[in-house]
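Okay, here's what each chain looks like letter by letter:
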Amino acid sequence: MASPGKKSYPLRIDPELWAEIERLAAHELRSANAQVEYLLREALARRGRKIKPAPTDDDGSADRK
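Rules behind the numbers
- For every chain, the first residue of the written sequence is number 1, and numbering continues from 1 onward in sequence order.
- Confidence filtering applies because this is a predicted model: local features only for residues at pLDDT of at least 70, side-chain atom pairs given and counted only at 80 or more, and all residues used for totals across whole chains, interfaces and linings.
- The side-chain figures draw on all heavy atoms in the structure; neither hydrogens nor water molecules are used.
- What counts as a helix is a DSSP run of H or I of at least four residues, what counts as a strand is a run of E of at least two, and both are numbered from the N terminus.
- Fitted lines through C-alpha atoms serve as axes, helices being fitted only where they are in contact, and the angles separating the N-to-C directions of these axes extend from 0 to 180 degrees.
- Reported orientations rely on four angle classes, namely roughly parallel under 35 degrees, roughly antiparallel over 145, roughly perpendicular from 65 to 115, and oblique for the rest.
- Residue contacts are defined here by distance: any two heavy atoms, one from each residue, within 4.5 Å place the two residues in contact.
- For this scheme, ten residues count as nonpolar: Ala, Val, Leu, Ile, Met, Phe, Trp, Tyr, Cys and Pro. Four count as charged, namely Asp, Glu, Lys and Arg, and the remainder, Gly too, count as polar.
- Multiplying 1.5 Å by the residue count of a helix minus one yields the expected span of that helix.
- Throughout this description, a polar contact denotes any pair of N or O atoms lying within 3.5 Å of each other; where both atoms belong to protein, one of them has to be capable of donating a hydrogen while the other can accept it, and for residues adjacent in sequence the pair is counted only when both atoms sit in side chains.

Student: It is not clear to me how unusual backbone geometry should be interpreted in this structure. Could you clarify?
Tutor: Only a minority of non-glycine residues have a phi that is not negative, and only a minority of peptide bonds are not trans. Look at L29: it is not a glycine, yet its phi comes out positive at around 55°. Mapped onto the fold, L29 is located in the loop between helix 1 (15-27) and helix 2 (32-46).

Structural data, given as structure tokens:
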């Protein structure tokens, strides 16, 4: 289930691409969902899009990296 304040969206994705996202997420100590969000924010920033900083977890800590 989606976190409060976050949009839930079903995503169809190539299994090999998803496996690589999961590997990268594990390496960077994130969930696969957080990794997808991180990569999307990174891609938008590279395109010059201004976005709000990532929200913090319930314990007040931000996503790693």
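More follows now that the structure is in view.
Student: Honestly, the packing of helix 1 against helix 2 in this entry has me stumped. Any pointers?
Tutor: How two helices pack is summed up by the angle between their axes together with the distance between the axes. It is the contact of helix 1 with helix 2, at a shortest axis distance of 9 Å, that shows an interaxial angle of 95°. Taken as axis vectors, helix 1 and helix 2 run roughly perpendicular relative to one another. Contacts between helix 1 and helix 2 involve W18, I21, E22, L24 and A25 on the former and, on the latter, A32, Q35, V36 and L39. In the contact of helix 1 with helix 2, the residues fall into seven nonpolar, one polar and one charged.

Student: Is there a simple way to explain helix 1 in this structure?
Tutor: The α-helix winds at 3.6 residues per turn, so residues separated by three or four positions along the chain end up facing the same way. Taking 1.5 Å of rise per residue, the 13 residues of helix 1 would be expected to cover 18 Å, and the 18 Å separating its terminal C-alpha atoms lies within 8% of that figure. The N-capping residue of helix 1, defined by a side-chain oxygen 2.9 Å from the backbone nitrogen of E16, is D14. Looking at the residues trailing helix 1, positive phi occurs at L29, about 55°.

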